[in-house]
Amino acid sequence: MNAKATNLNACLCGCGGATRATFCAGHDAKMISNLVAVVVADSLTKAGIAKLAKSLPSDALRAKFERAAARATAPKPAPEAKADAEEVAA
Ligand SMILES: [Zn+2]
């Protein structure tokens, strides 16, 4: 490969950094957490999440984002759920 340092791209996360790849180091995770924050703030549906996922440059990132979005939007298990299980065992 003959990639030169002059062949820089703007980091896709929007930070304004320049990189030879798509993102500055670690900024793929930063972009995913930014997108997940949008998902949570706007209460996006699966369709909205899929639309946001399309802005990501690779299948791996899209999968990572969709998992993170699913985790962030999943209903939190109630604390009672664990207590119930313990009561059943007692
Ligand atoms: Zn960045």
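Here, every reference points to the structure presented above.
Keep in mind that this is a model prediction, so the values were computed, not measured. (Residues numbered from 1 in each chain as written. Predicted model: local features only at pLDDT ≥ 70, side-chain atom pairs only at ≥ 80, totals over all residues.)

Colleague: Any details on the overall build of the protein chain? Residues and values, ideally.
Modeller: Tallying secondary structure elements over the protein chain gives four helices and two strands in all. Scanning the protein chain from its N terminus toward the C terminus, one meets helices and strands in the order β-β-α-α-α-α. In the protein chain, which comprises 90 residues, the proportion classed as buried is 14%. The contacts of the protein chain with a sequence gap of at least 6 include a subset with a gap of at least 24, amounting to 30%. (Helix = DSSP H or I, 4+ residues; strand = E, 2+ residues; numbered from the N terminus. Buried ≥ 20, exposed ≤ 12 C-beta atoms within 10 Å, placed from the backbone. Contact = placed C-beta atoms within 7 Å.)

Colleague: Kindly report on the nonpolar core, identifying the contributing residues and their values.
Modeller: Note on soluble globular proteins: their nonpolar side chains tend to be buried together. Counting residues in hydrophobic clusters, the biggest one holds 12 residues: Cys11, Cys13, Met31, Ile32, Leu35, Val36, Val39, Ile49, Leu56, Leu61, Phe65 and Ala69. Breaking this core down by element, the ones donating at least two residues are helix H1 (27-41) and helix H3 (59-73). Of the residues forming this core, the biggest block, five residues, is contributed by H1. Ignoring sequence-local partners within four residues, the contact set of Val39 consists of Leu44, Ile49, Leu52, Ala69, Ala72 and Thr73. (Core = buried A, V, L, I, M, F, W, Y, C linked by C-beta atoms within 7 Å.)

Colleague: Could you give an account of the packing of H1 against H3, naming the residues involved and the relevant values?
Modeller: It is the contact of H1 with H3, at a shortest axis distance of 9 Å, that shows an interaxial angle of 40°. Considered as vectors, H1 and H3 are oriented oblique to each other. Here H1 runs over H3; the crossing is right-handed. Two secondary-structure elements touch here, H1 through Asp28, Ile32, Leu35, Val36, Val39 and Val40 and H3 through Leu61, Lys64, Phe65, Ala68, Ala69, Ala72 and Thr73. (Axes fitted to C-alpha atoms, helices over the stretch in contact; angles between N-to-C directions. Parallel < 35°, antiparallel > 145°, perpendicular 65-115°, else oblique. Left-handed = near helix turned anticlockwise from the far one by under 90°.)

Colleague: Pulling in residues and values, what's your account of H3?
Modeller: A rise of 1.5 Å per residue sets the reference length of H3, with its 15 residues, at 21 Å; its end C-alpha atoms lie 21 Å apart and thus fit the reference within 8%. For H3, the full list of buried residues reads Leu61, Phe65 and Ala69. Seen along its axis, H3 keeps its buried residues to an arc of 70°; they face one direction. Opposite its buried face, H3 presents the exposed residues Asp59, Ala60, Ala63, Arg67 and Arg71, each directed more than 90 degrees away. (Expected span 1.5 Å × (residues − 1). Arc of directions from axis to C-beta.)

Colleague: Tell me about the environment of Pro57, and please be specific about residues and values.
Modeller: Summarising the element assignment, Pro57 is placed in the loop between helix H2 (46-53) and H3. Using a count of 13 C-beta atoms within 10 Å as the deciding quantity, one classes Pro57 as partly exposed. Expressed as a C-alpha distance, the spacing of Pro57 and Asp28, which sit 29 residues apart in the sequence, is 9.9 Å. Excluding its chain neighbours within four sequence positions, the residues that come into contact with Pro57 are Leu12 and Thr22.

Colleague: Just give me the short version of the environment of Leu35, but keep the residues and values in it.
Modeller: Residue placement: Leu35 occurs in helix H1. Through-space distance from the C-alpha of Leu35 to that of Ala53 is 8.6 Å; in sequence the pair is 18 residues apart. When near neighbours in sequence (up to four residues on either side) are disregarded, Leu35 contacts Leu52 and Phe65.

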